[in-house]
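Structure at a glance
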Amino acid sequence: MDISLLKLIYFSPTQTTKKIVEGIAQGFQGSTVEHIDLTPPDARIREIVEVHDGLAVIGSPVYIGRLPADAISRLRRIKGNGAPAAVVAVYGNREYEDALLELRDLALGMGFRPVAAGAFIGEHSLSTSAMPIAAGRPDAEDLRRAGQFGKMIREKMKNMQPLDEMLPIQVPGNFPYKEPPPFPKISPVTQEMICIKCEKCISVCPTGAITLEGTIATDQSVCIRCCACVKSCPTGARIMEDSRILHKAEQLLKNCSKRKEPETYL
């Protein structure tokens, strides 16, 4: 099966998942690449997107071993119509647990035929200069591995039997998926003394939780703690200061500092 079109479908608030799926596309080589970016707030109400040809590379970050609910709802607005797909979960160097299995199953429910899967590492959303957790990842080695994965997928597709005769790719994980813990209403805050009102935080927020009405305000009921606003703030005015979050970051720094490497399944 010769593939001439790649469709990169991703939810990527801090751009780590986007970097990985782009790395896979570079390794695949020789195909037209289209992006379906599900990160902006309007992706929640975008018209259904129909995919009929090419290979889809579907990427999502991992939140506490599961897919984020916002990624799931937006991905369900894509219809695969039997097209092949590679599914990619990106996690912050802790564990991806059931997320890759959940993404594979979600892709099946969307009408895709998953033929490859990978778990890659991205900088943790709680990583800061003071508490670096997988800081700077995906790095050059991660992107090299992503490109290598893309080449391997291309070779598999060249020699592939008819899709309707293939079983879905097997990946680690458990079903029923692990129950996510309660999601406390915590969000980053703004240090007004150094905030320059550039509105960068507003533009990168995937849920539209941030507004400027004299001061920067965050709707905690829709904030998903992706920390895109924290990582993109040019002055460092956006921070996480809740003691529960800081304690969690300390635990991650202590227990999850050993470098993990990508895992791929073909």
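Further up the page is the structure itself.
As the structure is a computational prediction, the values presented were derived from the model and not from experiment.

Definitions and cut-offs
Residues numbered from 1 in each chain as written. Predicted model: local features only at pLDDT ≥ 70, side-chain atom pairs only at ≥ 80, totals over all residues. Heavy atoms only, no water. Helix = DSSP H or I, 4+ residues; strand = E, 2+ residues; numbered from the N terminus. Rg over C-alpha atoms; globule rule 2.2 N^0.38 Å. Contact = heavy atoms within 4.5 Å. Areas by Shrake-Rupley, 256 points an atom, 1.4 Å probe, with all protein chains shown as cover. Lys, Arg positive; Asp, Glu negative; His and termini not counted. Charge placed at Lys NZ, Arg CZ, Asp CG, Glu CD. Buried < 20%, exposed > 50% of the residue type's maximum accessible area, 1.4 Å probe, protein only. Polar contact = N/O pair within 3.5 Å; in protein donor to acceptor, adjacent residues only side chain to side chain. Salt bridge = Lys/Arg side-chain N within 4 Å of Asp/Glu carboxyl O. 1 Å grid on protein atoms, 1.4 Å probe; cavity = no way out; pocket = protein on both sides within 12 Å on 5 of 7 lines; lining within 4 Å. Points joined across faces, edges and corners; volume = space filled by probe spheres on them. Nonpolar A, V, L, I, M, F, W, Y, C, P; charged D, E, K, R; others polar. Core = buried A, V, L, I, M, F, W, Y, C linked by side-chain atoms within 4.5 Å.

This next bit is on the overall build of the protein. Looking only at helices and strands, the protein features seven helices and twelve strands. Taking 266 residues into account, the globule formula puts the C-alpha radius of gyration at 18 Å, and the protein, at 19 Å, falls close to it. Summarising its shape, the C-alpha atoms of the protein cover approximately 60 × 40 × 35 Å along the three principal directions. Considering only residue pairs separated by 6 or more positions, the protein has 82% of its internal contacts joining residues 24 or more positions apart. Of the accessible surface of the protein, which amounts to about 12,600 Å², a share of 52% is contributed by carbon and sulfur atoms. For the protein, the separation between the mean place of its 33 positive charges and that of its 31 negative charges on side chains is 3 Å.

Attention shifts here to the environment of Gly 118. Considering the arrangement of structural elements, one finds Gly 118 in strand 7 (residues 113-121). The class for Gly 118 is buried, based on a relative accessible area of 0%. Taking the C-alpha atoms as reference points, Gly 118 and Leu 100, separated by 18 residues in sequence, lie 7.6 Å from one another. With near-sequence residues (within four places) excluded, Gly 118 lies in contact with Val 87, Val 88, Ala 89, Leu 100, Phe 149, Glu 263 and Thr 264.

You can see Thr 39 is positioned in the loop between strand 2 (32-37) and strand 3 (49-50). On the accessibility criterion, Thr 39 (7% relative accessible area) is buried. There is a polar contact of 2.9 Å between the side chain of Thr 39 and the backbone nitrogen of Ser 12.

On to the pattern of salt bridges. Under the counting rule described, the total for this entry stands at 18 salt bridges. Two residues, Glu 97 and Arg 94, come together in a salt bridge whose shortest N-O distance is 2.4 Å. When its relative accessible area of 24% is taken as the criterion, Arg 94 is described as partly exposed. Measuring nitrogen to oxygen at the nearest pair gives 2.9 Å for the salt bridge that ties Glu 141 to Arg 144. Taken as a pair, Glu 141 and Arg 144 lie in helix 4 (residues 140-158) at a separation of three residues, close to a single helical turn. By relative accessible area, Glu 141 is classed as partly exposed at 32%. Salt bridges here are not isolated pairs; linked through shared partners, they connect Arg 137, Asp 139, Asp 142, Arg 145, Arg 259 and Glu 261.

Of the volumes computed, that of the largest pocket is approximately 580 Å³. Taken together, 29 residues form the lining of the largest pocket, with Val 62, Tyr 63, Ile 64, His 124 and Ser 125 sitting closest to its centre. Among the secondary structure elements, those contributing two or more residues to the lining of the largest pocket are helix 1 (16-28), strand 6 (84-91) and helix 7 (243-255). With three residues, the top contributor of residues to the lining of the largest pocket is helix 7. In the lining of the largest pocket, the residues fall into 16 nonpolar, eight polar and five charged.

Formed by 34 residues in total, the largest nonpolar core has its most connected members in Ile 9, Ile 58, Leu 75, Ile 78, Leu 100 and Phe 112. Elements that contribute at least two residues to this core include exactly strand 4 (55-61), helix 2 (69-75), strand 6, helix 3 (99-109) and strand 7. For this core, the leading source of residues is helix 3, giving six residues. Apart from residues lying up to four places away in sequence, Ile 9 is in contact with Ile 36, Leu 38, Val 51, Ala 56, Val 57, Ile 58, Gly 59, Leu 75, Ile 78 and Phe 112. By size, the runner-up hydrophobic cluster in this structure holds 23 residues, among which are Ala 86, Phe 120, Phe 149 and Leu 163.

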